[in-house]
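# Coordinate inspection notes
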Amino acid sequence: MSTSSAHDNGDTGAAGEPEGPGAGGYLPDSPAARLQALFEGHRLTPTQRRIAHSMVRRAAEVPFLSSVELAELAGVSQPSVTRFAVALGFDGYPALRKHLREVAPVEQNGEPGSYNEYQQAVEAEIENLRNLAEVLADPRPVQQAGRLLAASRPLAVLGLRAAASQAYGFAYFAAKVHPDVRLLNEGGTMIHDRIDAAVRAGATTLLCFALPRHPREVVDTLGYAKSAGLTVVTVADSAFAPVAKVSDLLLPAAVGTGLAFDTACAPMLLGRVLLEAMCDDLPDAQARLEEFDSRAAARGLFVE
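A quick note: this is a predicted structure, and the numbers were derived from the prediction, not measured.

## Topic: the packing of aromatic side chains
- Within this structure, the stated rule accounts for five aromatic pairs.
- Taking 6.5 Å as the distance between ring centres and 20 degrees as the angle between the ring planes, the aromatic pair formed by Tyr168 and Tyr172 counts as stacked. Separated by four residues within a single helix, Tyr168 and Tyr172 lie in helix H8 (residues 164–174), roughly one turn from each other.
- Since its relative accessible area comes to 48%, Tyr168 is described here as partly exposed.
- You can call Tyr172 partly exposed: its relative accessible area is 40%.
- Connected via pairs of aromatic rings, a cluster forms that spans Tyr168, Tyr172 and Phe173.
- Lying over the aromatic face of Phe292, Lys176 brings its terminal NZ or CZ to 3.7 Å of the ring centre.

What follows is the structure in structure tokens.
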């Protein structure tokens, strides 16, 4: 069961800017980087950006997909795929697919048709993790984020709706090493008050987890955080995500869309990587962890 059509898209705009070692943070010679480089500089509609995002996520398969299959993958109509190809300067989708096979040849791994829908979901998540590994080949963006998170006292962590669990998980572990972590996982009229309170207390950075479907409230909240003087670091499913325009540093980690509800293994893992990078810039992180372990042992907190 696919939920591709449930994903929101941002305003009409360019397909994204290069970041990290290659386009979109991928290794320069990877299929995903070559695809994203193809989209750069083009003004795409929200529907076309959805198609582009789907192609990047499934870069290894795209040269072998028909226009109908790509339309189903992106949750759009087949004519939308044709118009997308024309927007990129090709005569139609067959010309685009021919171009992809010539400039970005890849080998299909295994027999996708031999997997059931549950196995396909797992395989898709494995591919998302491989793409994340490509992004992390250049550690500088994550290291920059780690420095920003470590220096912010307090550190605000935002995640609403589908992303609330990601924010909670990060905040739970971060509180073991960071002196003041403030979780913002409930929206409403008070969220601006909580941001104001964090800024008054000395906060300089807000970490946001943003997952599809992207709530309008998240975009509005990040805009307010920036206006309040906070640096916004965002973990999002794509460089095309609507939160990109209100983020100072965006770190992409794709979600799986093959099941009734999205899967978010890559964003969760990226959150743990950010924790590691933050610890590297907290000189007393190890001491805090050892202190916690001692107290946990004294209280019999965990079953041995």
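## Comments concerning the sheet that holds strand S4 (residues 181–184)
- In space, the five strands of this open sheet follow the order S4-S3-S5-S6-S7, with parallel pairing throughout. Two strands lie at the open edges of the sheet, namely S4 and strand S7 (249–252), each paired on one side alone. The average angle at which neighbouring strand axes cross in this sheet is 20 degrees, direction not considered.
- Here helix H7 (residues 140–151) sits on the sheet in contact with strand S3 (155–158), strand S5 (205–210), strand S6 (231–236) and S7, set at roughly 125 degrees to S7.

Parameters and conventions
Residues numbered from 1 in each chain as written. Predicted model: local features only at pLDDT ≥ 70, side-chain atom pairs only at ≥ 80, totals over all residues. Heavy atoms only, no water. Phe/Tyr/Trp six-rings, centres within 6.5 Å; stacked < 30°, edge-to-face > 60°. Helix = DSSP H or I, 4+ residues; strand = E, 2+ residues; numbered from the N terminus. Buried < 20%, exposed > 50% of the residue type's maximum accessible area, 1.4 Å probe, protein only. Lys NZ or Arg CZ within 6 Å of the ring centre and 35° of its normal. Pairing = 2+ DSSP bridges. Axes fitted to C-alpha atoms, helices over the stretch in contact; angles between N-to-C directions. Contact = heavy atoms within 4.5 Å.

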